Amino acid sequence: MFWKFDLHTASQVEKLLEKEDVTLKELLDEDDVLQECKAQNQRLLLFLSQDSSLLELISLITHEPPSDREEKLRYKHANTACELLTCDVAIINDKVGGDDCLLNTLYSFLEQNPPLNPLLASFFSKTFGSLISRKTEQTISFLKKKEGFITLVLKHMDTSAMMDLLLRLISCVEPAPVRQDVLTWLDEQKLIQRVTELIHPHIDNERQSNASQTLCDIIRMSRDQASLLQEPSDPDPLLATLELQQSVEALLKNMFEGDNSEVCIINGTQVLLTLLETRKPGVELIDSASQGLEKSYTVNNSILLGIQPYLKHYQHLLLNPPKKCSMLTTLGILEEPFGNARLHACRLLAALLHTIAPRIHYELCQLDMINLILDLFFKFTWNNFLHVQVEQCVFAILHQAVPEGTTQHSPEPIQPENSLFQKCRLVQRILDAWEENDKTQAEGGMRRGYMGHLTRIANAVVQCGDKEPAQAQITQLIKLPEDYKARWKTFVDETLAEINKKNAVDLVFSDYQIQQMTANFVDQFGFNDDEFGEHDDSINPAPVDVTDLLT
């Protein structure tokens, strides 16, 4: 019988371990060494947990490999060493996490002069992150004894692995009391202030970008963590520091120091946008005022107080952006590109208009910012990224024309909706732009790129004016000259109504066509109903918005 014979063959790792003079590198050359380690091969674990073996593994992930090896094989040993150190084997975790000599050898990687090898830095970060998660108290205690730890990490912030290490330190520590202790320690080390200092025109782009992403991730992780807690807990000290007025002012002071640096403005504004979030970021809904902004939200007042004095700098940015070279597009040469810095300024303006902050809204009106972004909307005909943000600004203003649950308006002397309809002449601009587009198309020209967004803005104005309690307010604000009154009525009753009718047409497939396609697919590939599943008549294709296809 075949079971009388032992068909089990020893792995190559086992054969190597039988040698008295086996070396670590011989084992690392074997493809199944990691699998054997995870399978708790006792002879292998005994070998790997020796001080000399662990020291060599750590040395492999912290020192450059020989340059004479073939490029694709240079980091093979380092990669395998990292995988062995982080494969969650208790004996390895205990030995490394409990031995200050081994930890010091690993830590010495940070003491190198920049720039770090990014691949080795990722190995280092992954290994230290694993220790933070699995040997938390020992690793945190070790790092706290290192006075220059935060300084060294920030010195190497041009490497994204250092950002990952900081975030692991913030997010991977359990239980909650230990995590709170770590956050307090990091706050005492002035982590937020020191990372904010890296968002500065004189700092290289990589460090600025990683610093910005670090602050954004800290904000989101801290808020997510707070939302998951069932019971009240101590506030996150890092988030509390970030939301301080002086922290926001320090960030903005760095951003606008000296000549406008596009990279610095973008990175800093991304942090401000994250501070203004009160829910997880997702797909922006912009089909209508009711969909795009179902409810205005409030933010920490200290954030708004920090932003308000610097709104004039954003106004100056929109009027005098950083110089950019002309660029070739499919529509020809663009002499004045809009630029990412101005786009971020518009995103910030939209976020501020979403908030219920009368002082901020008043300041925006004083600076004529709403009129300014409308000018840009019509000037940059083909920049749909800009058009989306301006559309969001208009929706926010319309949504707050009369605050929800009230019957009268806030007694501020200047309101965004006043500016939108009276000073900015929104309705007149819609009509004039529509006529100009019709004229251009009649002469054989292209339909303007903002027309789909203009359609949605026009619909939002009409819908807002039709609903209580905003109806009386909007009607009062839209004080049109006699010639525009007739044009607006004709536009709403005929032109806009016809476009809305076309956009409601389902341009994809009917239910019948979907059923036919499904039947053909089943017949072709031989599936039966049990294999393929029954057709769900409740699933209907979403209609396509014609304006999306044309912009």
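Residues numbered from 1 in each chain as written. Predicted model: local features only at pLDDT ≥ 70, side-chain atom pairs only at ≥ 80, totals over all residues. Heavy atoms only, no water.

Per an unreviewed UniProt entry, the recorded name for the protein chain is Protein phosphatase 6, regulatory subunit 2b, and the organism is Astyanax mexicanus.

**Things to note about the nonpolar core**
Core analysis: the biggest nonpolar cluster contains 162 residues, and Phe149, Tyr314, Phe421 and Trp488 have the highest contact counts within it. For this core, the leading source of residues is helix H22 (residues 340-354), giving 10 residues. If we ignore the near neighbours within four places in the chain, the residues touching phenylalanine 149 are Tyr107, Leu110, Leu143, Leu165, Leu169 and Trp185. (Core = buried A, V, L, I, M, F, W, Y, C linked by side-chain atoms within 4.5 Å. Buried < 20%, exposed > 50% of the residue type's maximum accessible area, 1.4 Å probe, protein only. Helix = DSSP H or I, 4+ residues; strand = E, 2+ residues; numbered from the N terminus. Contact = heavy atoms within 4.5 Å.)

**Some details on empty space enclosed by the protein**
Summed over the entire model, instances satisfying the criterion amount to three cavities of 30 Å³ or more. The volume enclosed by the largest cavity comes to roughly 50 Å³. The wall of the largest cavity is formed by Ile192, Thr196, Leu215, Leu242, Ser247, Val248, Leu251, Val271 and Leu275. The greatest single-element share of the lining of the largest cavity, amounting to three residues, is contributed by helix H17 (residues 245-255). Of the residues that constitute the lining of the largest cavity, the class distribution is seven nonpolar, two polar and no charged. (1 Å grid on protein atoms, 1.4 Å probe; cavity = no way out; pocket = protein on both sides within 12 Å on 5 of 7 lines; lining within 4 Å. Points joined across faces, edges and corners; volume = space filled by probe spheres on them. Nonpolar A, V, L, I, M, F, W, Y, C, P; charged D, E, K, R; others polar.)

**A look at the environment of aspartate 31**
Of note, aspartate 31 is situated in the loop between helix H2 (24-28) and helix H3 (33-38). Assessed through its relative accessible area of 75%, aspartate 31 is described here as exposed. The spacing of aspartate 31 and glutamine 12 is 19 residues in sequence and 9.3 Å in space, taken between C-alpha atoms.

**Considerations on the side chain of glutamate 277**
By secondary structure assignment, the location of glutamate 277 is in the loop between helix H18 (262-275) and helix H19 (289-292). Ignoring anything within four residues of it in the chain, the contact list for glutamate 277 reads Arg220 and Arg223.

**Let's talk about a nonpolar patch on the surface**
A cluster of nonpolar side chains, contributed by Leu331, Trp382 and Met446, occupies part of the molecular surface with about 320 Å² of accessible area. Secondary-structure assignment places tryptophan 382 in the loop between helix H24 (369-379) and helix H25 (384-399). (Patch = residues over 30% accessible without salt bridge, like charges linked within 9 Å, V, L, I, M, F, W, Y side chains within 5 Å. Areas by Shrake-Rupley, 256 points an atom, 1.4 Å probe, with all protein chains shown as cover. Salt bridge = Lys/Arg side-chain N within 4 Å of Asp/Glu carboxyl O.)

**Some words on the packing of aromatic side chains**
In total, this model carries 12 aromatic pairs according to the counting rule given. Summarising the aromatic geometry, the rings of phenylalanine 338 and phenylalanine 380 are spaced 5.0 Å apart at their centres and angled 70° between planes, so their arrangement reads as edge-to-face. Note that phenylalanine 338 is positioned in the loop between strand S2 (332-334) and H22 and phenylalanine 380 in the loop between H24 and H25, a separation of 42 residues in sequence. Residue phenylalanine 338 is classed as buried on the basis of its relative accessible area, which comes to 5%. Of the aromatic side chains, those joined through ring pairs into one cluster are Tyr107, Phe142, Phe149 and Trp185. The ring of tyrosine 107 has lysine 146 lying over it, and the distance from NZ or CZ to the ring centre is 5.0 Å. (Phe/Tyr/Trp six-rings, centres within 6.5 Å; stacked < 30°, edge-to-face > 60°. Lys NZ or Arg CZ within 6 Å of the ring centre and 35° of its normal.)

**Here we look at the packing of helix H12 (residues 160-171) against helix H15 (residues 205-228)**
Look at H12 against H15: their axes get within 10 Å of each other, and the N-to-C directions meet at 20°. If you check the angle between H12 and H15, you find them roughly parallel. Crossing geometry of H12 relative to H15 is assigned as right-handed. Judged by residue contacts, Ser160, Met163, Leu166, Leu167, Ile170 and Ser171 of H12 engage Asn210, Gln213, Thr214, Asp217, Ile218 and Met221 from H15. Its residues assigned to classes, the contact of H12 with H15 shows six nonpolar, five polar and one charged. (Axes fitted to C-alpha atoms, helices over the stretch in contact; angles between N-to-C directions. Parallel < 35°, antiparallel > 145°, perpendicular 65-115°, else oblique. Left-handed = near helix turned anticlockwise from the far one by under 90°.)

**Focus on unusual backbone geometry**
Note that the residue after proline 114, namely proline 115, is joined by a cis bond; omega there is 0°. Along the polypeptide, proline 115 turns up in the loop between helix H8 (100-107) and helix H9 (118-134). The omega torsion across glutamate 174 and proline 175 is 0°, close enough to zero to call that bond cis. Note that proline 175 resides in the loop between H12 and helix H13 (176-188). One non-glycine residue, glutamine 40, lies in positive phi territory at about 60°. Inspection of the secondary structure puts glutamine 40 in the loop between H3 and helix H4 (42-48). Even without being glycine, aspartate 368 reaches a positive phi, approximately 60°. Within the element layout of this structure, aspartate 368 appears in the loop between helix H23 (358-366) and H24. A relative accessible area of 22% means that aspartate 368 is categorised as partly exposed.

**Comments concerning H23**
If you check which residues of H23 are buried, you get Ile360, His361, Leu364 and Cys365. The buried residues of H23 all sit within an arc of 140° when viewed along its axis, so they share a single face. The elements touched by buried residues of H23 are helix H20 (301-307), helix H21 (311-319), H22, H24 and helix H26 (416-423). Just beyond H23, the residue with positive phi is aspartate 368, at close to 60°. (Arc of directions from axis to C-beta.)

**Here we look at the packing of helix H27 (residues 426-442) against helix H28 (residues 451-466)**
Close contact between H27 and H28 brings their axes to 11 Å; oriented N to C, the two are set at 145°. Between H27 and H28 lies a crossing of left-handed hand. In this structure, H27 contributes Leu426, Ile430, Ala433, Trp434 and Asn437 to the contact, and H28 contributes Met451, Leu454, Thr455, Ile457, Ala458 and Val461. For the contact of H27 with H28, the class distribution of residues is nine nonpolar, two polar and no charged.

**Regarding the environment of asparagine 320**
On the secondary structure map, asparagine 320 appears in the loop between H21 and strand S1 (327-329). By relative accessible area, asparagine 320 is classed as partly exposed at 41%.

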